[in-house]
Amino acid sequence: MAELSDEELLEALGVTAEPEKKAKRTPREERIIAGFEDIQRFVDEHGHIPCHGEDRDIFERMYAVRLDRLRALQECRGLLESLDHQGLLETDEVPPLPDAEDIDDEALLAELGVEAESADITELKHVRSTAEKRAAEEIANRTVCEDFDQFEHLFEEVRKELKSGTRQTRRFQTMAEIKRGEFFIVGGQIAYVAEMGEEFLTQYDRRDSRLRVIYDNATESDVLLRSLQRALHRDEAGRRITEPAAGPLFSGETEDDDLASGTVYVLRSKSDHPVVAENRDVLHKIGVTGGSVQKRIANASKDPTFLLADVETVATYELYNINRARLEIIIHRVFEPAKLDIEIKNRFGNPVIPREWFLVPLFVVDEVIERIKDGTISNFIYDSNSASLKEAK
């Protein structure tokens, strides 16, 4: 006798098999799920759950608070458990929320999509619409950036400048702000416009360009300028990162009660590396410290920053009433054309690219410091061919 199928067996028993009806979710439940999916995407991209802490990115801290809320509300846990393939809701206790001083309440609630008068996560607002998701997807098709090592130091400098206040973030406004060499925050990541192709007209007679955009997670995308523009406009957290603003470096003439703000130091390496030995007289490390120069260089022979060799101090400049971070940025920008391009191995055999080493004569460093003091440095550029400052055209 031929075996009966499941449907035939059920029919013989008088049971009608009906397709299981999917429970329709409420808008509130959809918003909760959408918020949880944002956290899941973060974990997929970064390999860890979002954490609290001042050293964490603001967006990670926002997701950490959101996850705490989801874990704390039994209604949310019941709704999300079947979707939690990463085990994000599994915890014995709900971790304490960060100090109130870490994040402004209104800013926190706004990022979480919660109205100020209600801190219930079930009242999440501003969940992305289908159109907004489409816009985000236009820049989400990224590939691994094979030459990320050429851009990594730029992201490090930008983070440093944001922390020191030299750079600021501003709400994105117009397409004209998207230019080669500019930085933005989109989708929670820092994006750098590395290349901008020739301008062309679309079928609707609108100007557009093809961009190469590098992201701080070592990926890149080949997108249209207008696609990036749309993504920045539709991303509630989308921002433009401003150019470094030097501001007034000095408050005025030195007075008896002025406090020293830092020391510019110029070092010469004693390394026997062929490139260093060949250029020893003009190869200098230029930096700024708020402490003792001697302490700064005490362990130079063990530090890749100092080429894993002892150094000698050839010049120092005491500065008063000055922003050290801004000063260092200005000096390094002036000497950018003369930056040393060298790779050495650290004590573990890993390649390291030292920063802050420049092929520049000492007398030019003297001149640059003086022009920074009198405020005329913006009128000059360093010409590496003639090893001298020249007036900018």
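Every chain begins its residue count from 1, and numbering advances along the sequence as written. For this predicted model, a pLDDT threshold of at least 70 governs which residues receive local features, and a threshold of 80 or more governs which side-chain atom pairs are given and counted, while totals over whole chains, interfaces and linings are taken from all residues. The basis for every side-chain value is the complete set of non-hydrogen atoms in the structure, without hydrogens or water.

Draft legend 1. Local environment of the overall build of the chain. Helix and strand assignments follow DSSP, with helices taken as H or I runs no shorter than four residues and strands as E runs no shorter than two, numbered in order from the N terminus. From N to C terminus, the chain includes 12 helices and 17 strands. Using a 1.4 Å probe on the protein chains alone, a residue whose accessible area is under 20% of its type maximum counts as buried, one over 50% counts as exposed, and one in between counts as partly exposed. Counting every position in the chain, which comprises 393 residues, the buried fraction comes to 38%. What makes two residues a contact is simply this: any of their non-hydrogen atoms within 4.5 Å. Put simply, 63% of the contacts in the chain that link residues at least 6 apart link residues at least 24 apart. For accessible areas, the Shrake-Rupley method is used with a probe of radius 1.4 Å. Any residue's cover is judged against the shown protein chains and nothing else. When the accessible surface of the chain is split by element, carbon and sulfur atoms take 46% of a total near 23600 Å².

Draft legend 2. Spotlight on the packing of helix α2 (residues 27-46) against helix α3 (residues 58-72). Axis definition: a line fitted to C-alpha atoms, limited for helices to the stretch in contact. Angles are taken between N-to-C directions and run from 0 to 180 degrees. Running from N to C, α2 and α3 point in directions that differ by 130°, and their axes come no closer than 10 Å. Classified by the angle their axes make, α2 and α3 are oblique. Once α2 is placed against α3, the crossing between them reads as left-handed. Residues I32, G35, F36, D38, I39 and F42 of α2 form the contact with α3, whose participating residues are E60, Y63, R66, L67 and L70. We call Asp, Glu, Lys and Arg charged. Ala, Val, Leu, Ile, Met, Phe, Trp, Tyr, Cys and Pro are nonpolar, and the rest, Gly among them, are polar. Per-class residue counts for the contact of α2 with α3 are seven nonpolar, one polar and three charged. Here the word oblique covers every angle except those under 35 degrees (roughly parallel), over 145 (roughly antiparallel) and from 65 to 115 (roughly perpendicular). Working rule for handedness: look at the near helix, and if it is turned counterclockwise from the far one by less than a right angle, call the crossing left-handed; if clockwise, right-handed.

Draft legend 3. Region of the structure containing the sheet that holds strand β7 (residues 210-215). If DSSP finds at least two bridges between two strands, the strands pair. In space, the seven strands of this open sheet follow the order β1-β8-β7-β4-β3-β9-β2, with antiparallel pairing throughout. Lying at the two open borders of the sheet, with one neighbouring strand each, are β1 (143-144) and β2 (169-171). Bridging between strand β3 (residues 183-186) and strand β9 (residues 239-241) involves three bridges; their strand directions are antiparallel. Bridged to F184 within β9 is R240. Where helix α7 (residues 152-164) meets the sheet, its contacts fall on β2, β3, β4 (189-196), β7 and β9, and the angle it forms with β4 comes to roughly 130°. Against the sheet, helix α8 (residues 225-234) engages β2, β3, β4, β7, β8 (219-224) and β9, with an angle of about 105° to β8.

Draft legend 4. Structural context of α7. A helix is expected to span 1.5 Å multiplied by its residue count minus one. Helix length check: α7 (13 residues) gives 19 Å between terminal C-alpha atoms against 18 Å at 1.5 Å per residue, within 8%. Those residues of α7 that sit buried are H153, F155, V158 and E161. Elements in contact with the buried residues of α7: β3, β4, β7, β9 and α11 (324-334). The positive-phi residue at the C-terminal boundary of α7 is G165, with phi of around 90°.

Draft legend 5. Region of the structure containing the pairing of β4. When you tally the buried positions in β4, you get six out of eight residues, the bulk of the element. Two elements, β3 and β4, share four bridges in a ladder whose sense is antiparallel. Bridge assignment links F183 to a residue of β4, and that residue is Y192. Taking the residues that link successive antiparallel strands as the turn, the β3-β4 hairpin has two residues, and the phi of G187 there is positive, at about 60°. As defined by bridge partners, β4 adjoins β7 across five bridges and the pair is classed as antiparallel. Across the sheet, the residue bridging to A191 is Y215, located in β7.

Draft legend 6. Spatial organisation of the packing of aromatic side chains. Put simply, two rings from Phe, Tyr or Trp (the six-membered ring, in Trp's case) pair if the centres are within 6.5 Å, and we call them stacked under 30 degrees between planes, edge-to-face over 60, tilted for the rest. All told, the structure shown has eight aromatic pairs when counted by the stated rule. Both rings, one in F151 and one in Y192, keep their centres 6.1 Å apart while their planes meet at 55°; by these two values the pair is tilted. Note that F151 is positioned in the loop between β1 and α7 and Y192 in strand β4, a separation of 41 residues in sequence. Ring-pair connections join several aromatic residues into one group, and the members of that group are F148, F151, F155, F183 and Y192. Across the ring face of Y215, the terminal group of R142 is positioned such that the distance to the ring centre comes to 3.6 Å. Lysine and arginine charges are scored as sitting over a ring when NZ or CZ, respectively, is within 6 Å of the ring centre and within 35 degrees of the ring normal.

Draft legend 7. Looking closely at unusual backbone geometry. Located in the positive-phi region is A218, a residue other than glycine, with phi close to 70°. Relative to the helices and strands, A218 resides in the loop between β7 and β8. Located in the positive-phi region is L307, a residue other than glycine, with phi close to 65°. Summarising the element assignment, L307 is placed in the loop between α10 (293-296) and β12 (311-320).

Draft legend 8. Up close: a negative patch on the surface. Excluding any residue in a salt bridge, patches collect residues exceeding 30% relative accessible area, merging like charges within 9 Å and nonpolar Val, Leu, Ile, Met, Phe, Trp and Tyr side chains within 5 Å. What makes a salt bridge here is a side-chain nitrogen of Lys or Arg within 4 Å of a carboxyl oxygen of Asp or Glu, nothing more. Charged residues are defined narrowly, with Lys and Arg counted positive, Asp and Glu counted negative, and His plus the chain ends left uncounted. To locate a charge, take atom NZ for lysine, CZ for arginine, CG for aspartate or CD for glutamate. Taken together, the side chains of D149, E152, E156, E157, D341 and E343 define an acidic patch exposed on the protein surface. Mapped onto the elements, E157 comes out in helix α7. Note on E157: relative accessible area 37%, which makes it partly exposed.

Draft legend 9. Spatial organisation of the pattern of salt bridges. Applying the stated criterion across every chain, the model contains 16 salt bridges. E195 is the salt-bridge partner of R212, the closest N and O atoms lying 3.5 Å from each other. One end of the pair, R212, is in strand β7; the other, E195, is in strand β4, and 17 residues separate them in sequence. We classify R212 as buried; its relative accessible area is 15%. What makes E195 partly exposed here is its relative accessible area of 42%. With a closest N to O distance of 3.0 Å, E220 and R212 form a salt bridge. Each member of the pair, E220 together with R212, is buried. By sharing partners, the salt bridges in this structure join D147, E195, R212 and E220 into a single network.

By themselves, these figures tell us nothing about what the structure is for.
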